Amino acid sequence: MSRIKQNGLTAGNSQPVKKLSNYATYFIARCANFASADAGLRLAVVVVLLQAVLMAAWGML
């Protein structure tokens, strides 16, 4: 018999949101590390992130 999957913190290995948030945090940290090397690149990253936020907000309307 297989174990019944549960939700929340007792779910064992089936926590996709926790895994996704860890990946997102790692990705953001790597982008910040990469962008901090050059001021021009930092500005480009900020512009791209701002554009992504505005596109997401526009899609929510």
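Details of the structure are given in the entry above.
What you see is a predicted model; the values in this text were computed from it and never measured.

> Help me out: how do you make sense of the overall build of the protein chain in this one?
Helix and strand counts for the protein chain come out as two helices and zero strands. Within the protein chain, buried positions represent 5% of all 61 residues.

> Could you clarify how one ought to interpret helix 1 (residues 16-35) in this entry?
Each α-helix winds once per 3.6 residues, and so residues spaced three or four apart point in a common direction. Between its first and last C-alpha, helix 1 extends 28 Å over 20 residues, near the 28 Å set by a 1.5 Å rise per residue. Little of helix 1 sits out of view: just one of its 20 residues are buried.

> Teacher, can you tell me more about helix 2 (residues 39-60) here?
An ideal rise of 1.5 Å per residue puts 32 Å on 22 residues; helix 2 measures up with 32 Å between its terminal C-alpha atoms. Helix 2 sits mainly on the outside: zero of its 22 residues count as buried.

Basis of the calculations
Residues numbered from 1 in each chain as written. Predicted model: local features only at pLDDT ≥ 70, side-chain atom pairs only at ≥ 80, totals over all residues. Heavy atoms only, no water. Helix = DSSP H or I, 4+ residues; strand = E, 2+ residues; numbered from the N terminus. Buried < 20%, exposed > 50% of the residue type's maximum accessible area, 1.4 Å probe, protein only. Expected span 1.5 Å × (residues − 1).

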